[in-house]
Every structure is written in C-alpha cells, then in structure tokens.
Amino acid sequence: MLYWWMKHVLLGPLLRLFFRPEVEGAENIPDRGGALLASNHLAVADSFFLPLMLKRRVTFPAKLEYFTQPGIKGRFKKWFFTGMGQIPIDRSGGAAAQAALDTGIRLLNEGHLLGIYPEGTRSPDGRLYKGKTGLARMALEARAQVIPVAMFDTDKANPIGSKMWKPHKIRIKIGKPMDFSRYEGLAGDRFVERSITDEIMYSLMELSGQEYVDIYAAKAKEMLAAQEVGAPAALPTQQRRTAATDADRIPETEVG
C-alpha cells in the first residue's frame, strides 16, 4: 500500500512535474511473471524514475545501511526506501552475497519484476562499466528473461554527492527481452555466466550509447580517487561496435 501511495500521491506527481520523465519501449515489459530489469546506473534517482514510469511494481535491492541507520533519520530512511519498493541486501561478500542471490531468485520465482544494476554501483563518470555475473546466475536459476534498460540524464538531475535534485528532463529506454534458455542447466558455470553478462552489457551499451570501460565500476572509483591525489591511474577505454554479431562477448573481457 505504501508503495502505491508513494508512486501516485506522495512522490510520483512531484517527480513528474519537475522532471517530465518519458519512457520508450514500455511494451517490452511483460504483463505478469518474473523478469529481470538490467539497467545502467547513473544516479540514486534511477531507482525512483524507473518504477514511476512502469505499470507493474518494481523491486530493487538496496544497501543494507539504508535500513539499519539508528535514530529518527534512520527510521525515516527505512520507511522511505521500503515505500519505494526496495529490499535490504548485505553486500559484504561471501555468505552475504549468496544470500542476496537467493533473495533475488526467490523474488523472480514469485513473479516479481526485479531491478538490477549489473555494474554493482553507480558509474563514477557516466560511462558503462563491466557487469557482475550475479545477474546471469539469477536469470539461469529462475529461468527469467532479462530486459535491458537505459537511463538518461538522471546524473544531471541527481549528480553524485548532491543533496538536492535539479529539475532536468529524464528519459528511459527499454529494450527487447533477452532469453537465455539455451543455457538452461548451466548455472554456476563461470564461463557461461560471464558470456551472458557480457551479452547483456553489450545490449546496454548499444541501448544507452555509453562508452564501455572493461573494468568494474568499483575499481574505477578507486583509480579516479588515486588520480585526484596525483597517482597515475589511467582508465582503459573500449571502442564501441555497431553490430552485436561482431563478437559473442564484449572484446577484451575476461571470465570472472
């Protein structure tokens, strides 16, 4: 109930008024059944505008810290992010990472739309970074389609580090569903999961027009931080290709 109040009464009308969001390809979202929405990640605002523009409810995993902060501010954050359809995920690694995957698979099997950011964190500079293979594992385990989603200009409305959002038109482009049933029974094969993930990232690159960088976004943030203090740490670049048939995977990627 809180989700729909936030979407249609408390927050949604304000977002529509100040940011005039538009969506292209909404017909690619299935009317029912579990599916993964794999999106590029430019800003915190991504998790607000995508659910706003879709008829179906979208569930996003969110950092556990959003739900565990003490005090009045912490309770407000928990109420707010719960109302936005987000669920707490422990990202500390190991058993926590497996628990996060299990939660995603359960939600898909229950018929939910699950929003996932394959990069694992926000892009530090607007480029598209290497995807993590947990997305592929969930798709295989739950036998779910993956729908690529490209967000545009949310980083202009909600720049990294900003406390206040700036009015700016937001666009969302939703691609055709991707089916990986040809890999049925191969969940856990790291080569297969890397191939699937690279195929999804290629689709996102084509859909968004972003430059692809063949390292993880978290590593890129470390390298950019090193640059700020004078350490040499140039980020690699990846030339965009114009046809998906050029390669089965994004060139120069490795398994893992």
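Residues numbered from 1 in each chain as written. Predicted model: local features only at pLDDT ≥ 70, side-chain atom pairs only at ≥ 80, totals over all residues. Heavy atoms only, no water.

Trainee: How should I be thinking about the packing of helix 1 (residues 2–10) against helix 5 (residues 71–83) in this particular structure?
Mentor: Two numbers describe a pair of packed helices, the interaxial angle and the distance between the axes. Between helix 1 and helix 5, the shortest axis-to-axis distance is 8 Å and the interhelical angle comes to 80°. Viewed along their axes, helix 1 and helix 5 adopt a mutual orientation that is roughly perpendicular. Contacts between helix 1 and helix 5 involve Leu 2, Tyr 3 and Met 6 from the former and Trp 79, Phe 80 and Gly 83 from the latter. Among the residues making up the contact of helix 1 with helix 5, the classes are represented as five nonpolar, one polar and no charged. (Axes fitted to C-alpha atoms, helices over the stretch in contact; angles between N-to-C directions. Helix = DSSP H or I, 4+ residues; strand = E, 2+ residues; numbered from the N terminus. Parallel < 35°, antiparallel > 145°, perpendicular 65-115°, else oblique. Contact = heavy atoms within 4.5 Å. Nonpolar A, V, L, I, M, F, W, Y, C, P; charged D, E, K, R; others polar.)

Trainee: Any chance you could explain the pairing of strand 2 (residues 35–39) here in plain terms?
Mentor: Within a regular beta strand, the side chains point alternately toward one face of the sheet and then the other, so they alternate between its two faces. Most of strand 2 sits out of view: five of its five residues are buried. Alignment of strand 2 against strand 7 (residues 145–152), held across five bridges, turns out to be parallel. Within strand 7, the residue paired with Leu 36 across the bridge is Val 146. (Buried < 20%, exposed > 50% of the residue type's maximum accessible area, 1.4 Å probe, protein only. Pairing = 2+ DSSP bridges.)

Trainee: In this structure, what is going on with the sheet that holds strand 2? I would like to understand it.
Mentor: Each strand in a sheet pairs with its neighbour through backbone hydrogen bonds, running either in the same direction (parallel) or in the opposite one (antiparallel). The strand order across the open sheet built from seven strands is 1-8-7-2-5-3-4, with neighbouring strands paired in mixed fashion. A single partner strand is all that each edge strand has here, and the edge strands are strand 1 (22–24) and strand 4 (86–89). Looking at each pair of strands side by side, their axes are set apart by 30° on average, direction ignored. Direction of pairing for strand 1 relative to strand 8 (residues 171–174): parallel, over a ladder of three bridges.

Trainee: I'm lost on the environment of Arg 106 in this one. Help?
Mentor: Examined against the element boundaries, Arg 106 turns out to sit in helix 6 (residues 95–109). The exposure class assigned to Arg 106 is partly exposed, which follows from its relative accessible area of 41%. For Arg 106 and Met 138, which are 32 residues apart along the polypeptide, the C-alpha to C-alpha distance reads 9.3 Å.

Trainee: Looking at this structure, how should I read helix 9 (residues 190–208)?
Mentor: An α-helix turns once every 3.6 residues. As a result, residues three or four positions apart point the same way. Under the 1.5 Å per step criterion, the end-to-end length of helix 9 is 26 Å for 19 residues, consistent within 8% with the ideal 27 Å. Along helix 9, 14 of the 19 residues are buried, which leaves the element largely enclosed by surrounding structure. Taken from the residues just after helix 9, Gly 209 is the one with a positive phi, measuring 75°. (Expected span 1.5 Å × (residues − 1).)

Trainee: Looking at this structure, how should I read the side chain of Thr 59?
Mentor: Position of Thr 59 relative to the elements: it lies in strand 3 (residues 58–63). Judged by its relative accessible area of 6%, Thr 59 falls in the buried class. In this view, Thr 59 contacts Gly 85, Ile 87, Leu 107, His 112, Leu 113, Leu 114 and Gly 115; residues no more than four positions away in its chain are not counted.

Trainee: So what exactly am I meant to see when it comes to the confidence of the model for the protein chain here?
Mentor: Detailed reading of the predicted coordinates is not advisable wherever pLDDT falls low. Overall, the prediction assigns the protein chain a mean pLDDT of 87, with 88% of residues at 70 or greater. Note that residues 240–256 has pLDDT below 50 and, in this model, 39 contacts with residues that lie over four places away or in other chains. (pLDDT = per-residue confidence, 0-100.)

Trainee: It is not clear to me how unusual backbone geometry should be interpreted in this structure. Could you clarify?
Mentor: Phi is positive for Arg 20, which is not a glycine, with a value near 45°. Among the structural elements, Arg 20 can be located in the loop between helix 2 (12–19) and strand 1. Of note, Asp 153 is a non-glycine position whose phi angle comes to about 70°, a positive value. Considering the arrangement of structural elements, one finds Asp 153 in the loop between strand 7 and helix 8 (154–157).

Trainee: Looking at this structure, I do not really get the pattern of salt bridges. What am I missing?
Mentor: Pairing between side chains of opposite charge can happen when the charged atoms of each approach one another. Scanning the model with the defined rule gives ten salt bridges in all. Between Glu 211 and Arg 127 there is a salt bridge; the shortest N-O distance is 3.2 Å. With a gap of 84 residues between them, Glu 211 in the loop between helix 9 and strand 9 (212–213) and Arg 127 in the loop between strand 5 (113–116) and strand 6 (128–129) connect regions that are remote in the sequence. With a relative accessible area of 31%, Glu 211 lands in the partly exposed category. Among the residues examined, Arg 127 registers a relative accessible area of 16% and is labelled buried. (Salt bridge = Lys/Arg side-chain N within 4 Å of Asp/Glu carboxyl O.)

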